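# A look at the structure
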Amino acid sequence: MTRHTLLSDPQEVIGKRWSEDQSPEQARILGLARDALLFVSATGQRYRFEDFRKNLQAGAHPSAGASPAPGRLAELEARLSRTEAFFTKLRDETDSAGEREQLQVILDTLRFISSTGQYKAFGEYLEHVEAGAAPYVIASFETREEAESWLRKHPSPPASANVLIANDYHDVLYDRETNSRRLPRNRDLEYYLAELKREEPPVAAASFSSLEEAQAWLKAQPALARWTWISIAGDLYLAAYHPNIGHRALYPLSMAEGYELER
C-alpha cells in the first residue's frame, strides 16, 4: 500500500468476503468497515489518520473517546465494536502478510473513529450513504476567491475532499510535504446525476415557474430530504440538502448530459 491508497486498498479484503448468501449481520459488518474507510477519506482526514497510526505503532495508547449517549449513536458504537471483533479474528487467522496489513488498516480506522469521538459525524455520513445522496462535501463557498482564501489560510487543510464553489464540485488537494494546495474542478456531480437518473427515473415532487421561485421554496423548507426531483420552467433539477454543512442546492439534471455514455 502507498500513502495514497492506504484507505482504498483494504476495500479488496472486504470485497473478497462479500457474498450473496452471507448473513445480514455479516453484511452490516462488512458494510460498516467499507463506509468507515470511505468516511475518513471523504472527510479529508488521511494525514490525521496517518499520524494516528504512527502513534499506535510507536506504542501510544489512545483514549477510547467519550461514549455517546444512549440511542442511535450508542448503537453505532456497539456496531463498531462488533466490527472490530470480526476483523480482529480475521487478522489473527490469516497467513498472508499483505492481507494482515490491510486488515490492520481497517482495525485502525475503526479505532480512529472511536478514539477521536466521531460517532455523530460518522453516523451522519452513514445516513448520507444510505440515502443515496449527492457526493459528500465538507464546505461550500459562493466564489472561488472565498474558497482560495479559506484554503490558503487553513492551518491543516483536508488531504483530499469535495467542496462546492457556486454549487460546482471541486477537489481540495493538499500535499503536506510540499504545502501544495489546489482546487481543481471535478465531475463527481455530473456522474452522480447520470447514475441517479438511471436508478431513480425523475418524477418531479414540485413544480416552479422560475429559478427564483424554486430557490425561495428550497430556503423556506423546515426539513428536507437529502435529495428530491423538482421541475423549474419544465426542466428537471435535483433539490439537494447537505446537512453536515447546512447547505441547500439546486442542480440541473442537464449537467448529466453526455455523462451517461462514459460509464
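## Quick look at the packing of aromatic side chains
Throughout the structure, instances matching the rule amount to 12 aromatic pairs. With a centroid separation of 5.2 Å and 75° between ring planes, the pair formed by Y125 and Y136 is classed as edge-to-face. Residue Y125 is located in helix α6 (residues 119–130), and its partner Y136 is located in the loop between α6 and β1 (140–141); the two are separated by 11 residues in the primary sequence. Neither residue differs from the other here; Y125 and Y136 are each classed as buried. Consider the rings of Y169 and Y251, whose centres lie 6.3 Å apart with planes at 55°: the pair is tilted. Highlighted residues: Y169 in strand β3 (residues 168–175) and Y251 in strand β8 (residues 247–252), separated in sequence by 82 residues. No difference in accessibility class separates Y169 from Y251, as the two residues are buried.

## Quick look at the pattern of salt bridges
Side-chain pairing between opposite charges can occur once the charged atoms of the two side chains come close. Counted under the stated rule, the structure contains 17 salt bridges. Put simply, R91 and D92 hold a salt bridge, and the shortest N to O gap is 3.1 Å. Across the pair R226 and E127 runs a salt bridge, and its minimum N-O distance is 3.4 Å. Taken together, the positions of R226 in the loop between α9 (211–220) and β6 (227–232) and E127 in helix α6 put the pair 99 residues apart, joining distant regions of the chain.

## Let's talk about the pairing of β6
For β6, the buried fraction is high: 5 of the 6 residues fall into the buried class. For strand β5 (residues 207–208) and β6, the ladder comprises 2 bridges, and the chain directions are parallel. When the bridges of β6 are listed, S207 appears paired with S231. For the crossover that starts at β5, traverses α9 and ends in the parallel β6, the hand is right-handed. Examined bridge by bridge, β6 and strand β7 (residues 235–242) share 6 bridges and lie antiparallel to one another. Looking at the pairing, S231 lines up with L236 of β7. A loop of 2 residues connects β6 with β7, the two strands running antiparallel in sequence, and A233 in this loop sits at a positive phi of about 50°.

About the cut-offs
Sequence positions are assigned chain by chain, starting from 1 and proceeding in written order. Thresholds applied to this predicted model are a pLDDT of at least 70 for local features of residues and 80 or more for the giving and counting of side-chain atom pairs; totals over whole chains, interfaces and linings are not thresholded and use all residues. Only hydrogens and water are set aside when side-chain values are computed; all heavy atoms of the structure are taken into account. Only the six-membered ring of Trp is used, alongside the rings of Phe and Tyr, when aromatic pairs are assigned; centres must lie within 6.5 Å, and planes under 30 degrees apart are stacked while those over 60 apart are edge-to-face, with the rest tilted. Elements are defined by DSSP. Helices are runs of H or I of four residues or more, strands are runs of E of two residues or more, and each kind is numbered from the N terminus. For each residue, the accessible area found with a 1.4 Å probe, counting protein chains only, is set against the maximum for its type, and the residue is called buried under 20%, exposed over 50%, and partly exposed in between. The salt bridge definition used is simple: a Lys or Arg side-chain nitrogen within 4 Å of an Asp or Glu carboxyl oxygen. Strand pairing follows a simple DSSP-based rule, namely that at least 2 bridges must link the two strands. When the strands point away from the viewer and the path from the first strand over the helix to the second turns clockwise, the crossover is right-handed.

Coordinates in, geometry out; function isn't part of it.
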